[in-house]
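Now for the letters of each chain:
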Amino acid sequence: MKASLKNIIRLPNVFVTVFLVVFLCTVLILLCISVYRSCLSAEETLNQTTVVTMELTLKERLTRVETEDGGYEIVDLNHKLLDGQVLELLRAESRISELHYICNTFFFPADLLCTEAEYADLQAAAAEGGSFSRDTQLGLYEVGVAGCTREDLLPETLGVPKEDLTVTYLAGNGLEDGVLLPKKLYHGLGRPEAFLIGWYKAEGYGFRFDAPLPDYLLAHFEELKGKPAPPALSVPVCGYYTCGEDDQAATVMVANEKYWQSIYGAQDYYTLQENRQTFVRPDVDAFGEVGLAKIRMTTAYPGEVASIIGGLMDAGLGGDDYLITASDYEYKFVLAQMESMGNFSLVILCAAVLFGLLLLAVFLAYAVRKRQREIYILRALGYGEHGIALSFAFEFGTVILGALVCGVAAAYLFGNGICGMISQRAMENARSAVENLSPVAQSMANSETLRDQLESAVDRYLETDLSLAYGVPFPIYGILLGTAAVFSIYAYGLTRGIAKRNMMQKEG
Amino acid sequence: MNAVKYGWKSFSRRGKSSFLFAALIFQVVAALTLSVIVVEVCGIYKARNENPYGDYYRLLVDRRNPVFNAGHQAMDKMYAGWWPRLQKIHQYFLDITDYTAEAYGQAETSLQPYLPSWCDDQGYFLLYGVTDCMEVSAFAKGELTLTEGRLLTERDRREDTRVCLLSKDIASANRVSIGDVIEIEMKDETMEEYTVVGIYEDHVRRSNLNVTLSYDLPENRIFVPLSTFDRAYSSGCYNYQIKLSDDALIGEVEALVNKYGMCEGYPAYFIKVSDLYETNNRGVRSLEKAFTIVRWVFMAVATLLIVVYVRSAAVSRRKEYGVLLATGHSKGFLAVGFFVELFCCIAAGGLPSVGLLMLLGKPAATALLTATAGNVSAEALAVTTSDTVGGMLLEAEAFDTAIGGGFIGACMGNALGIFLPVAVLSVIVSLWSILRAKPMQLLSRQEGI
């Protein structure tokens, strides 16, 4: 053993090369494994913590058609509707966790609205056959009803910017408790807690009836009282909103899905003269007739967004009519950074393993051959093949093991620092994406929007816990030790092969 | 012949060292071919973005809605606008020396259009005006291919040639072939005669679900020179590009387009086509450079390995060579024998490598190309939509076509074309110093020198 150790010191040109190759490869391998594992772990965290929102809307397929007067008009050729069947398709996809939607707005005559007090007065007037006078002046011809299933969809439902919308709920109420009225309408109706979609629609606009009720209306009132369907729908008011200067939004009330459907049924019953006097449409389906403007869904599987969209397209939501958009930009940006770093470390790892094995094999072969004379002298001195081979294997094994230990120690000591530097560099690179926009992006007028989007993605990346740290599983150390053992055996084999030969035939 | 036998015997006698050298060759050939594949894949990717109009300016219209769709790029961002309005740009600016575009409009012809039962109309064609067919992405990507005749070129537009390209389905249904004349209705309701110069085929299986108008069907598309659109009805335009005698004027043109709302009031910009494609290629260029360097590194490694191996093999055999030379064998005999031995080693290492790459090369190259196409810059990264998912499927088909055929074979040929001359040269140089020595010199030299 002593002689072997002396040999190691005596022959630096042989052993230093082997030591350096093993040392450098060990450090590289351990660092790359650490970086790769950190990236995998960060990816896993990202996948677990990211929820992607998807939106389903209808595509516009606009075309220009010639009109009779020789002009043109733009028409939408897409006649599809986001209806109950579409919702069923979405509910059948198990990876979609939440479904929220904005219902299209429908309009009905404003004179179908009245308060409960007015309705009572009207009933009394009708019973007496006298006149009914209403002083309420809403100044509206039509009232729209939009619907949504969640409060945060209100701005989009009304089509106004979020900052312009102010919602005031009546005490203890939320959107699920009734409908939100525009402030003007709310005050016009005398700040009611509920209103009715009434049966008393009459000719003309406004709400002033100074004349006696017409006979047909009195008769119809009697007729309706005998019908199973309620002649008036009472709708609770949960609050009111204001939305800046937007006149269009000021005529639209917002209901949750339940009231949106029942109001549609009620107005359908009363809107047409023929309807109220001749027939009632049973089971009026607002989903099937008015449809939804947008469906928002979430998935907890951000990595499978493309597959989910592909599945929905196969199920019938074809790309020609429907557009599904996922808000996964930030996820993809962060993932791209991690994947790029992970893949880079994997390539370096493969190169270190490949070149390490190759170089070590070549250097060992070269080193053993270089010591042929020594082997023959030892043989001449009476040492056995096995003994010489063992001593060579011990020498090389010791050097490889020493390099391995030094490599592990260096990686352990400096690993976290190097990983921190890599992490820092990666973050700087990500930040530079915002600063180094391409000429195309820079020349766009709203490049600020793109810049904001990138900045928010970079922030998301910085928030993601991608703290690269040194960490190698124990089996890797085992594999490294095993590789050292294999190379010692290889050195043993090479030495024994040379020692076996007859000295006189050594050159063959 | 004896030298060949000697070489073969020498190869089989030195099993271990021959195996080691063969293993090295295996690795070098595999790595070299893989690096060539990567570089070639980058080339395919770049070719997708190539455009013959690099010095033109392309009109981009930003249709992103800043309120609700912040950051979402509209799918028709490249749609330029109403063709009749854009055409007026030429009239305002005398310094526009050339322009190209893809203009389209509904048309009637003397032919019977493809009219399936689900279509709501009476059957119309879509007249598609181009300057160069290869500028149309469907042709460039290989989705549409020419089956007979020729494509439309820039010359057709310049000379206002009355020629057209029909789909294979329409040509066969109407029994029209190359050289036949068809009539196309212009906007003043006159019929113009056009000669069929090419027939194309659509290779992509498209969904006809919900297609209600016959001119939306790819079968009903007739390609004509863009010059036709001075006379034909047209509704819109994609990829509008202009060339200026003085590039500094582009700002004025841009201001004019915006001032008169020629793109429906959306902000419009002119971007140099070469800049546009350079942006797309930015990501792949670094990969290409890296693997070009890798290729040369592997060449250097291969040269080094061969030189070290040949030299050490020759040095360890100098007594054998000395004896052979002393017993009357020529230096040529030794050289041929050694070459045969090395050839066997290279074959033993190179052939399995070639076989392995033939098996795994295509899937590896496809995966690489897909990853390259997916590895877009942060600003080009877009949210996933049903349109991009559909586009990904089409792109996958196009990649499959690009990497099919003899792509892997060509890459291998390229790699071996570099490797083999280097290998032969390294062997000659290494052997030269040994073989020029005299027999007695070889026999009396000390070991290890």
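Residues numbered from 1 in each chain as written. Chains lettered and ligands numbered in written order. Predicted model: local features only at pLDDT ≥ 70, side-chain atom pairs only at ≥ 80, totals over all residues.

**Details of the overall build of chain B**
Alright, step 1. Helix and strand counts for chain B come out as 13 helices and 11 strands.
Alright, step 2. Here chain B, with 449 residues, has 37% of them falling under the buried criterion.
Alright, step 3. Intrachain contacts of chain B at a sequence separation of at least 6 include 82% that bridge at least 24 residues. (Helix = DSSP H or I, 4+ residues; strand = E, 2+ residues; numbered from the N terminus. Buried ≥ 20, exposed ≤ 12 C-beta atoms within 10 Å, placed from the backbone. Contact = placed C-beta atoms within 7 Å.)

**Description of the packing of helix 14 (residues 385-435) of chain A against helix 17 (residues 474-500) of chain A**
Residues and elements named next belong to chain A.
Alright, step 1. Packing of helix 14 against helix 17 leaves a shortest axis separation of 8 Å and a crossing angle of 150 degrees. With respect to helix 17, the axis of helix 14 lies roughly antiparallel. In the packing of helix 14 onto helix 17, the handedness of the crossing is right-handed. Residues E385, I388, A389, L390, F392, A393, F396, G397, I400, L401, L404 and V408 of helix 14 form the contact with helix 17, whose participating residues are Y477, L480, A484, F487, S488, I489, A491, Y492, T495, R496, A499 and K500.
Alright, step 2. By residue class, the composition of the contact of helix 14 with helix 17 is 18 nonpolar, three polar and three charged. (Axes fitted to C-alpha atoms, helices over the stretch in contact; angles between N-to-C directions. Parallel < 35°, antiparallel > 145°, perpendicular 65-115°, else oblique. Left-handed = near helix turned anticlockwise from the far one by under 90°. Nonpolar A, V, L, I, M, F, W, Y, C, P; charged D, E, K, R; others polar.)

**A few points about the nonpolar core**
In a soluble, globular protein the nonpolar side chains are often hidden away together inside.
Residues and elements named next belong to chain A.
Alright, step 1. Formed by 127 residues in total, the largest nonpolar core has its most connected members in V18, V179, M253, V254 and I263.
Alright, step 2. For this core, the element with the highest residue contribution is helix 2 (residues 12-49), accounting for 18 residues.
Alright, step 3. Residues from two domains meet in this core; each of domain 1 (2-50 + 331-505) and domain 2 (58-63 + 73-299) gives at least three.
Alright, step 4. The residues touching V254, leaving out its near neighbours within four places in the chain, are A146, G147, C148, L154, T157, L158, V179 and L180. (Core = buried A, V, L, I, M, F, W, Y, C linked by C-beta atoms within 7 Å. Domains from an automatic or database assignment.)

**Here we look at the environment of B:G251**
All names here are of chain B.
Alright, step 1. Here G251 shows up in helix 7 (residues 250-259).
Alright, step 2. Since 10 C-beta atoms lie within 10 Å of it, G251 is described here as exposed.
Alright, step 3. Sequence-wise, G251 and Y269 are 18 residues apart; in three dimensions their C-alpha atoms are separated by 8.9 Å.

**A short note on the packing of helix 12 (residues 329-370) of chain A against helix 14 of chain A**
All names here are of chain A.
Alright, step 1. The contact between helix 12 and helix 14 brings their axes to 14 Å, and the two run at 160 degrees. Comparing their axes, helix 14 and helix 12 come out roughly antiparallel. When you trace helix 12 past helix 14, the crossing you get is right-handed. Along its contact with helix 12, which presents Q337, M341, L364 and V368, the element helix 14 presents F392, F396, A426 and A430.

**A closer look at the environment of B:L342**
Residue and element names in this part refer to chain B.
Alright, step 1. Take L342: it is sitting in helix 10 (residues 331-374).
Alright, step 2. Look at L342 and you get buried, because 26 C-beta atoms sit within 10 Å.
Alright, step 3. Expressed as a C-alpha distance, the spacing of L342 and W8, which sit 334 residues apart in the sequence, is 9.3 Å.

**Things to note about unusual backbone geometry**
Alright, step 1. A positive phi angle is found at A:R191, which is not glycine, with a value near 50 degrees.
Alright, step 2. Judged by C-beta crowding, with 12 C-beta atoms within 10 Å, A:R191 ranks as exposed.
Alright, step 3. Located in the positive-phi region is B:N239, a residue other than glycine, with phi close to 45 degrees.
Alright, step 4. With respect to the helices and strands, B:N239 occurs in strand 10 (residues 236-244).

**So, the confidence of the model for chain A**
Residue and element names in this part refer to chain A.
Alright, step 1. Per-residue confidence for chain A gives a mean pLDDT of 80; residues scoring 70 or more make up 81%.
Alright, step 2. Within chain A, helix 9 (residues 273-278) has the poorest average pLDDT of any element, 46, and strand 12 (residues 292-299) the best, 92.
Alright, step 3. The model gives residues 201-211 a pLDDT under 50, and that stretch makes 25 contacts with residues more than four places away or in other chains.
Alright, step 4. Below a pLDDT of 50 lies the segment residues 273-278, which in the model reaches five contacts outside its immediate sequence neighbourhood of four places, other chains included. (pLDDT = per-residue confidence, 0-100.)

**Focus on the pairing of strand 10 (residues 233-243) of chain A**
Residue and element names in this part refer to chain A.
Alright, step 1. Where burial is concerned, most of strand 10 is hidden: eight out of the 11 residues are buried.
Alright, step 2. The sheet contact formed by strand 7 (residues 165-169) and strand 10 spans five bridges and is antiparallel. Each bridged residue has a counterpart across the sheet, and for Y169 the counterpart in strand 10 is G239.
Alright, step 3. Note that strand 8 (residues 179-182) and strand 10 share four bridges and pair parallel. (Pairing = 2+ DSSP bridges.)

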